[in-house]
Structures are given as structure tokens and as C-alpha cells.
Amino acid sequence: MFMIGQGERTVAIGPAEPRDCPRCQQQTDFVPQLKYSYGEFDLLFGFVYNKRYQLACPQCGHGWILDTRQTERDLPRHPLLFRLRYGFLILAGLIAALGLAAYAYRHSG
Ligand SMILES: [Zn+2]
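Residues numbered from 1 in each chain as written. Predicted model: local features only at pLDDT ≥ 70, side-chain atom pairs only at ≥ 80, totals over all residues. Heavy atoms only, no water.

Chemist: Which residues make up the layout of surface pockets, and what values do they have?
Modeler: Of the pockets and cavities examined, the largest pocket occupies roughly 230 Å³. Looking at the largest pocket, it is lined by 14 residues, and the ones nearest its centre are E17, P32, L66, T71 and D74. Among the elements that make up the lining of the largest pocket, the one with the highest residue count is helix 1 (residues 68–74) (three residues). Of the residues belonging to the lining of the largest pocket, the class tally is seven nonpolar, three polar and four charged. (1 Å grid on protein atoms, 1.4 Å probe; cavity = no way out; pocket = protein on both sides within 12 Å on 5 of 7 lines; lining within 4 Å. Points joined across faces, edges and corners; volume = space filled by probe spheres on them. Helix = DSSP H or I, 4+ residues; strand = E, 2+ residues; numbered from the N terminus. Nonpolar A, V, L, I, M, F, W, Y, C, P; charged D, E, K, R; others polar.)

Chemist: I'd like a rundown of the coordination of the zinc ion, residues and numbers included.
Modeler: All of the protein donors around the zinc ion are C21 (SG), C24 (SG), C57 (SG) and C60 (SG); their distances to the metal are 2.3 Å. Every donor counted, the four donor atoms about the zinc ion form angles of 106 to 115° at the centre, which fits tetrahedral coordination. For the zinc ion, the donor residues sit on a single chain with the sequence spacing C-x2-C-x32-C-x2-C. One end of the pair, C24, is in the loop between strand 2 (17–21) and strand 3 (26–41); the other, C57, is in the loop between strand 4 (45–56) and strand 5 (63–66), and 33 residues separate them in sequence. The class for C57 is buried, based on a relative accessible area of 3%. (Donors = N, O, S within 2.8 Å, 3.2 Å for Na, K, Ca; no water. Tetrahedral: all angles 85-135°; square planar, octahedral: opposite > 155°, others 65-115°. Buried < 20%, exposed > 50% of the residue type's maximum accessible area, 1.4 Å probe, protein only.)

Chemist: Pulling in residues and values, what's your account of unusual backbone geometry?
Modeler: One non-glycine residue, Q25, lies in positive phi territory at about 55°. Mapped onto the elements, Q25 comes out in the loop between strand 2 and strand 3. Notably, N50 is not glycine yet its phi reads approximately 55°, a positive angle. Judged by its relative accessible area of 55%, N50 is exposed.

Chemist: So what's going on with the side chain of Q54? Which residues, and what values?
Modeler: Relative to the assigned elements, Q54 resides in strand 4. Of the polar contacts made by the side chain of Q54, one reaches the side chain of R52; its length is 2.6 Å. Once you skip the residues sitting within four places of it in the chain, Q54 turns out to touch T10, V31, P32, Q33, K35, W64, I65 and L66. (Polar contact = N/O pair within 3.5 Å; in protein donor to acceptor, adjacent residues only side chain to side chain. Contact = heavy atoms within 4.5 Å.)

Laid out in C-alpha cells, this is it:
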């Protein structure tokens with residue numbers, strides 16, 4: 001039985017940087033974040049879409065969108081969970097293995 005879920009997450013990806021927020025009109029600690037939507041099957045396999053890096057004010061949410069390629073290059077490690085990043089590949093591999101097994105079974109006599 002498969003359970004299918006989806007949702008949206010925002011994770012902090014680095015130390016806060018003090019910046020002047022034009023909306024709060026004061027200096028706040030802007031936090032670099034990764035915001036993404038995800039879907040998952042059976043809590044094991046998942047995939048990510050609508051990935052976006054941003055720098056956001058913790059008080060009002062005002063912020064900037066960061067360049068994805070540049071941000072990922074500067075990160076010490078990729079912030080997404082392994083299974084969300086590679087889930088589709090693992091799933092595809094499993095399906096291929098099952099298909100091969102079924103094929104071998106049919107032709108085994
Ligand atoms: Zn603000």
C-alpha cells in the first residue's frame with residue numbers, strides 16, 4: 001500500500017546576516033533559506049520541485065531571492081535530504097529491477 005504526501009518546507013541553510021530591512025525599517029538578522037515543495041510516496045521516496053533560495057527577514061518575511069546555482073556552489077553540503085534528492089533514481093532502479101525479475105520469472109519455464 002502506498003501513502004502519497006506532499007508539502008512545503010523552509011530550511012535555514014546558513015548563518016544569519018544583519019541587513020537593513022526596508023519594511024521593518026531597522027536592522028534585522030536576515031536568514032538564508034531554502035524553500036521547496038516536495039512530494040513523497042510511502043515516506044520512502046520523494047522528489048523536490050519549486051526549489052528556491054532566499055534571504056528573508058525573520059520578522060516580516062521580506063527578502064530577496066538568491067541565485068540557485070551560486071548559492072549551491074557556496075554551500076558546504078546540499079541541504080536537501082538524500083532520499084528527496086535521489087528518491088526518483090532509487091525508485092526507477094527498483095522498478096527496473098522488478099521488471100527484470102518479472103521478465104526472468106516468465107521465461108524460466
Ligand atoms: Zn522585515
